[in-house]
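Residues per chain, in single letters:
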Amino acid sequence: MKNKVSEGKLIVFSAPSGSGKTTIVRELLKDEKFKLEFSVSATSRDKRPNEIEGKDYYFLTVDKFKEKINEDAFAEWEEVYNNQFYGTLKSEIERIRKKGHNVVFDIDVAGGISIKKMFKEDCLTVFIQPPSISELEKRLRHRGTETEKSLKKRLEKAEKEMVFSKQFDVVIVNDILDTAVQEVKKIITGFLN
Ligand code: ADP
Ligand code: 5GP
């Protein structure tokens, strides 16, 4: 008789852009005891110089992205910014869970809430909150990835997203990075055990 394969759980990180969720997720992925694997999203935005196709994102044209929407290939997708689409492929979640690994998502607030609705108690949602909007602006400027226009877009969206923190299972304020990472590790340990 075949052994039943235990399916992995899902941990979603959402936050306004620049809060530090990518930084925190990278730290968590280094800790092998959690058996975490990153859900690589598809996006139609341009690749940043330091990003790797298939590791950070699957970079698609807008047309290709829309084709996948029509094929019902996404568990969730959002037009996060005007004409910049982001989405989680169903195949990506299945691939990771089937291995018995736990899936980690770095997705926007609306996407996070959608995944929670779908997977319920198998899913933990974590909202990474910046200490303030002015600190968020400082971090985004320091990251050096945005133009003045895209920076403004991200800050405007951030103000709206903060309101949704109440709908998440846990809120972590990312002030001192090490402290935030330790807090997240403690919560994940509880959730996975
Ligand atoms: P997000 O994925 O939420 O958009 P990033 O992880 O890219 O955010 O972080 C935005 C910038 O802020 C990066 O340059 C990162 O190095 C920096 N950063 C992350 N956490 C902290 C922190 N606790 N204190 C200061 N800078 C931080
Ligand atoms: P960035 O362009 O900075 O990589 O990401 C912009 C925003 O899109 C971030 O808030 C990020 O979490 C979100 N995002 C990334 N992938 C997905 C996804 O698959 N679905 C949704 N809904 N949002 C995503």
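This report concerns the structure included in the present document. (Residues numbered from 1 in each chain as written. Chains lettered and ligands numbered in written order. Predicted model: local features only at pLDDT ≥ 70, side-chain atom pairs only at ≥ 80, totals over all residues. Heavy atoms only, no water.)

Here we look at the packing of helix H5 (residues 133-143) against helix H6 (residues 148-162)
Stated precisely, the cut-off is as follows: Lines are fitted to the C-alpha atoms to define the axes, a helix being fitted only along its stretch in contact, and any angle between axes, read from their N-to-C directions, falls within 0 to 180 degrees. For the purposes of this entry, the term helix denotes a DSSP run of H or I that reaches at least four residues, the term strand denotes a run of E that reaches at least two, and both are numbered from the N terminus. By definition, turning the near helix anticlockwise from the far helix through less than a right angle yields a left-handed crossing, and turning it clockwise yields a right-handed one. When checking whether two residues touch, look at their non-hydrogen atoms; a contact exists if any pair is within 4.5 Å.
At a minimum axis distance of 11 Å, the contact between H5 and H6 shows a crossing angle of 145 degrees. For the crossing formed where H5 meets H6, the hand is right-handed. Residues Ile133, Leu136, Glu137, Leu140, Arg141 and Arg143 of H5 form the contact with H6, whose participating residues are Glu148, Leu151, Arg154, Leu155, Ala158, Glu159 and Met162.

Section: the packing of aromatic side chains
We count it as follows: Ring pairs shown here join Phe, Tyr and Trp side chains whose ring centres sit within 6.5 Å, with only the six-membered ring taken for Trp; geometry is labelled stacked below 30 degrees between planes, edge-to-face above 60, and tilted in between. Exposure categories follow from relative accessible area, calculated using a 1.4 Å probe and restricted to protein chains: below 20% of the type maximum is buried, above 50% is exposed, and the middle band is partly exposed. In this scheme, Lys NZ or Arg CZ marks a charge over a ring once it lies within 6 Å of the ring centre and within 35 degrees of the ring normal.
Here the structure, examined in full by the defined rule, presents 6 aromatic pairs. Summarising the aromatic geometry, the rings of phenylalanine 65 and phenylalanine 74 are spaced 4.6 Å apart at their centres and angled 20 degrees between planes, so their arrangement reads as stacked. Grouping residues by exposure puts phenylalanine 65 and phenylalanine 74 together as buried. An aromatic cluster is present here, built from Phe65, Phe74, Trp77 and Phe85 joined pairwise through their rings. Positioned above the aromatic ring of phenylalanine 191 is the side chain of lysine 9, whose terminal nitrogen or guanidinium carbon lies 4.7 Å from the ring centre. The positively charged end of lysine 33 is found above the aromatic ring belonging to phenylalanine 34, 4.6 Å away from the centroid.

Section: the layout of surface pockets
Empty space among the atoms becomes apparent when a probe as large as a water molecule is rolled across them. Formally: In this analysis, the protein atoms alone were mapped onto a 1 Å grid. Cavities are point sets where a 1.4 Å probe fits without being able to get out; pockets are open sets with protein on both sides within 12 Å along at least five of seven lines; lining residues have an atom within 4 Å of a point. Grid points are joined across faces, edges and corners, and a volume is the space filled by probe spheres set on the points. Lys, Arg, Asp and Glu make up the charged group, whereas Ala, Val, Leu, Ile, Met, Phe, Trp, Tyr, Cys and Pro make up the nonpolar group; the residues left over, Gly among them, are polar.
Of the volumes computed, that of the largest pocket is approximately 1200 Å³. Those elements giving two or more residues to the lining of the largest pocket turn out to be helix H1 (21-29), strand E2 (36-38), strand E5 (74-81), strand E6 (84-89), H5 and H6. The element that contributes the greatest number of residues to the lining of the largest pocket is H1, accounting for 6 residues. Taken together, the residues of the lining of the largest pocket break down into 13 nonpolar, 14 polar and 19 charged. Here the second largest pocket is characterised by a volume of approximately 330 Å³.

Examining the site of ligand 2
Put simply, the rule reads: By convention in this text, a residue qualifies as near a molecule or strand provided that one of its non-hydrogen atoms is within 4 Å of it. For the purposes of these results, a polar contact is taken to be a pair of N or O atoms within 3.5 Å, where, inside protein, one atom must be able to donate a hydrogen and its partner to accept one; residues adjacent in sequence count only when each atom of the pair is a side-chain atom. Areas reported here follow the Shrake-Rupley algorithm with a probe of radius 1.4 Å; residue values treat only the protein chains shown as occluding. Those molecules having more than half of their atoms within 2 Å of a cavity or pocket grid point set are described as sitting in that cavity or pocket.
Around ligand 2 sit 18 residues, and of these Ser41, Arg45, Tyr57, Glu76 and Tyr86 come closest. Within the side chain of glutamate 76, an N or O atom sits 2.7 Å from a nitrogen atom of ligand 2. Within the side chain of aspartate 106, one N or O atom sits 2.9 Å away from an oxygen atom of ligand 2. Relative to its unbound accessible area of 510 Å², ligand 2 is 96% covered by the protein chains. Applying the majority rule of atoms within 2 Å of the grid points places ligand 2 in the largest pocket. For the shell around ligand 2, the secondary-structure elements that each account for two or more residues are E5 and E6. Take the shell around ligand 2: its biggest share by element is 4 residues, from E5. Class assignment of the residues belonging to the shell around ligand 2 gives a composition of 6 nonpolar, 4 polar and 8 charged.

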